[in-house]
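Fold and geometry: a report
Each chain is listed here by its residues.
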There are 2 protein chains.
Amino acid sequence: MAKRSARTPVGTVSFRLGVLGAGQEARYAERLADLELKPKHVALLSALRIKGAESQLEVAAVMRVAPSLVVLLADQLEARGAIERVRDPSDRRRQRLHLTEEGVRLLDAATAAAAALDEELTAPLDAADRAALARILERLAIANDLLAEDI
Amino acid sequence: MAKRSARTPVGTVSFRLGVLGAGQEARYAERLADLELKPKHVALLSALRIKGAESQLEVAAVMRVAPSLVVLLADQLEARGAIERVRDPSDRRRQRLHLTEEGVRLLDAATAAAAALDEELTAPLDAADRAALARILERLAIANDLLAEDI
DNA sequence: CAGAACGATTCACATATTGAATGGTTCACG
DNA sequence: CGTGAACCATTCAATATGTGAATCGTTCTG
C-alpha cells in the first residue's frame with residue numbers, strides 16, 4: 001500500500017507532467033501548423049473567448065507571460081484578421097482585444113485539433129481513468145489559478 | 001453523463017497537461033537553482049541511474065533531444081564532477097557516461113526536491129485522486145515510451 | 001497643473017535547442 | 001587486408017522563444 005518513494009525525479013508526478021506536457025505541446029504545435037498558429041496564439045484566443053479582455057495587460061496576467069509577448073502575439077493575430085484591437089474609449093491607454101469571425105473560426109478549428117489529440121493520448125486508458133484524469137487536471141488547473149473554462 | 005465538449009482547447013487534457021507541466025517545470029527549475037542544475041541535467045542523471053548509458057546517442061534518444069545537446073549537458077555535469085566520460089574500449093567511438101559519488105548526491109537531492117513539489121501540487125487532492133493521478137500518468141508515460149522507472 | 005503611475009510598444013538581450021559540418025573510429029565486402 | 005560507407009561525438013552557426021528595460025502617450029492624484 002505504502003508507495004515506495006521514487007529513486008529519481010522521473011518517477012514523480014511533477015516531472016511526468018513536465019515531460020508529457022512538453023510532448024503534447026509539441027504535437028499540438030505540429031497540428032496547428034496547418035492553421036499557421038502556435039499554441040500561445042491559441043491560448044490568447046481562448047483567453048478572449050473565456051474571459052474577454054479588459055486590456056492586454058490582463059491577458060498577459062491570465063496567460064502568465066510578459067506583456068511584451070502579448071503585444072507580439074496580438075500583432076500577429078491582428079495581421080491575420082483573427083482579432084481586433086480597440087482602444088478603450090473610457091481609458092485610452094487600454095487596448096481591448098476581441099475575436100473576429102475569423103478568430104472564432106480558427107479557435108474552433110484549434111479546439112477540434114486539441115480534442116483529437118486528447119483521443120489519441122488517452123486511447124490507452126479505460127473510460128473511468130479517462131474521466132478521472134480530466135477531472136483531476138481540471139481540479140489542479142483551478143487550484144493553480146490557471147485559465148479554466150467553467151463548462 | 002455525456003461530457004460536453006470543450007469550447008476552447010483550454011478545456012482539453014492535452015492543453016492542461018501542457019500548461020500544468022510548464023508550470024511545474026518552472027517551479028522545479030527554481031528549486032534546482034540551489035544545486036546549480038537545470039531540469040535537463042536532472043533528466044540526464046536520471047537516465048543514467050535508470051538505464052545506464054551505452055552511449056551519449058542512446059541518452060539523447062531516451063531524453064528525446066538532439067545529440068549535440070547531450071554533449072553540452074554532459075560537459076557541464078562532467079565539469080561539476082557529477083558524471084564521468086569513459087571511452088568504451090570495445091568501440092572507441094562511444095562515450096560511456098556514468099554517475100560519480102557527487103552525481104548520486106545531486107540526483108538524490110533533486111529527487112527530494114521533486115517529491116516536495118509533488119506534495120505541494122497534489123495538496124488539493126484527496127488520497128484516492130493523488131494515487132489515481134500518479135498511476136494514470138505512469139501509464140501514459142509508459143504508453144508514450146518515455147523514460148519510466150519500474151519501481 | 002505637476003508629477004507619479006499606468007498601459008502599450010519597441011528593442012536589445014538571454015536562453016535553449018537544433019541541424020549541418022568535421023574528425024576520428026569501426027564495419028562490410030570486394 | 002584496404003577502402004569507402006556508416007557511425008559517434010563534437011563544434012559551430014543559426015533559430016526560436018521569451019524577458020526586462022527604456023520610451024511614449026494617457027490618466028490619476030494631490
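Thresholds applied
Residues numbered from 1 in each chain as written. Chains lettered and ligands numbered in written order. Predicted model: local features only at pLDDT ≥ 70, side-chain atom pairs only at ≥ 80, totals over all residues. Heavy atoms only, no water. Helix = DSSP H or I, 4+ residues; strand = E, 2+ residues; numbered from the N terminus. Buried < 20%, exposed > 50% of the residue type's maximum accessible area, 1.4 Å probe, protein only. Contact = heavy atoms within 4.5 Å. Areas by Shrake-Rupley, 256 points an atom, 1.4 Å probe, with all protein chains shown as cover. Salt bridge = Lys/Arg side-chain N within 4 Å of Asp/Glu carboxyl O. Near = heavy atom within 4 Å. Polar contact = N/O pair within 3.5 Å; in protein donor to acceptor, adjacent residues only side chain to side chain. Nonpolar A, V, L, I, M, F, W, Y, C, P; charged D, E, K, R; others polar. Least-squares fit on C-alpha atoms with pLDDT ≥ 70 in both.

The name recorded for chain A in an unreviewed UniProt entry is DNA-binding MarR family transcriptional regulator, from Thermocatellispora tengchongensis.

1. Observations concerning the overall build of chain A
Broken down by element type, chain A carries six helices and two strands. Taken from the N to the C terminus, the helices and strands of chain A come in the order α-α-α-α-β-β-α-α. For chain A, the C-alpha atoms occupy an extent of roughly 60 × 30 × 25 Å along the three principal directions. Within the span of chain A, comprising 151 residues, buried residues form 48% of the whole. Considering only contacts in chain A between residues 6 or more positions apart, those separated by 24 or more positions represent 50%. On chain A, roughly 7800 Å² of surface is accessible, and the fraction owed to carbon and sulfur atoms is 53%.

2. Quick notes on the pattern of salt bridges
As enumerated under the stated definition, the model contains 20 salt bridges over all chains in all. The partner of Arg96 of chain A in a salt bridge is Glu54 of chain A, with the nearest N and O atoms 2.8 Å apart. Taken together, the positions of Arg96 of chain A in strand E2 (residues 95-99) and Glu54 of chain A in the loop between helix H2 (39-51) and helix H3 (56-63) put the pair 42 residues apart, joining distant regions of the chain. Its relative accessible area of 31% is what places Arg96 of chain A among the partly exposed residues. The partly exposed category is assigned to Glu54 of chain A, whose relative accessible area is 40%. With its nearest N and O atoms 2.9 Å apart, the salt bridge here joins Asp129 of chain A to Arg135 of chain B. Of this pair, Asp129 of chain A sits in helix H6 (residues 127-143) while Arg135 of chain B sits in helix H6 (residues 127-143), placing the two residues on different chains. Members of the salt-bridge network, linked through shared partners, are Glu54, Asp88 and Arg96 of chain A.

3. Here's the deal with the protein's contact with DNA strand D
Taken together, 18 residues lie around DNA strand D, and Lys38 and Arg92 of chain A together with Gln56, Leu57 and Arg85 of chain B are the ones closest in. Here the atoms of DNA strand D within 4 Å of the protein split so that 77% fall in sugar or phosphate, with bases taking the remainder. In this structure, Ala66 of chain A approaches DNA strand D through a main-chain N or O atom, which is 3.0 Å from a phosphate oxygen. Within the backbone of Leu57 of chain B, one N or O atom sits 2.7 Å away from a phosphate oxygen of DNA strand D. Those elements that place two or more of their residues in the surface near DNA strand D are helix H4 (67-79) of chain A together with helix H3 (56-63) and helix H4 (67-79) of chain B. For the surface near DNA strand D, the residue count by class is five nonpolar, five polar and eight charged.

4. Examining the protein's contact with DNA strand C
Taken together, 19 residues lie around DNA strand C, and Gln56, Leu57 and Arg85 of chain A together with Lys38 and Arg92 of chain B are the ones closest in. Within 4 Å of the protein, atoms of DNA strand C come from sugar and phosphate in 75% of cases. For DNA strand C, a phosphate oxygen lies 2.7 Å from a polar atom in the side chain of Arg85 of chain A. Within the contact set of DNA strand C, a phosphate oxygen lies 2.8 Å away from a side-chain nitrogen or oxygen of Lys38 of chain B. Secondary-structure elements contributing two or more residues to the surface near DNA strand C are H3 and H4 of chain A together with H4 of chain B.

5. Observations concerning the side chain of Thr100 of chain A
All names here are of chain A. Position of Thr100 among the secondary structure elements: in the loop between E2 and helix H5 (101-121). The buried category is assigned to Thr100, whose relative accessible area is 14%. Only 2.5 Å separates the side chain of Thr100 from the backbone oxygen of Gly81, close enough to count as a polar contact. Side-chain polar atoms of Thr100 contact the backbone oxygen of Ala82, separated by 3.0 Å. Aside from chain neighbours lying at most four places away, what touches Thr100 is Gly81, Ala82, Ile83 and Glu84.

6. Some details on the environment of Asp118 of chain B
As for its position among the elements, Asp118 of chain B is in helix H5 (residues 101-121). The spacing of Asp118 of chain B and Arg130 of chain B is twelve residues in sequence and 9.6 Å in space, taken between C-alpha atoms.

7. Notes on the relation of the copies chain B and chain A
With an RMSD of 0.0 Å, chain B superimposes on chain A once it is rotated by 180° and translated 0.0 Å along the axis. With respect to symmetry, the two chain copies, as superposed, fit the operation of a two-fold axis. When C-alpha positions in chain B are compared against the rotation axis, the closest is assigned to Gly21 of chain B, at 2.5 Å. Taken as a fraction of all interface residues of chain B, those also at the interface in chain A reach 100%, which identifies the copy contact as same-surface.

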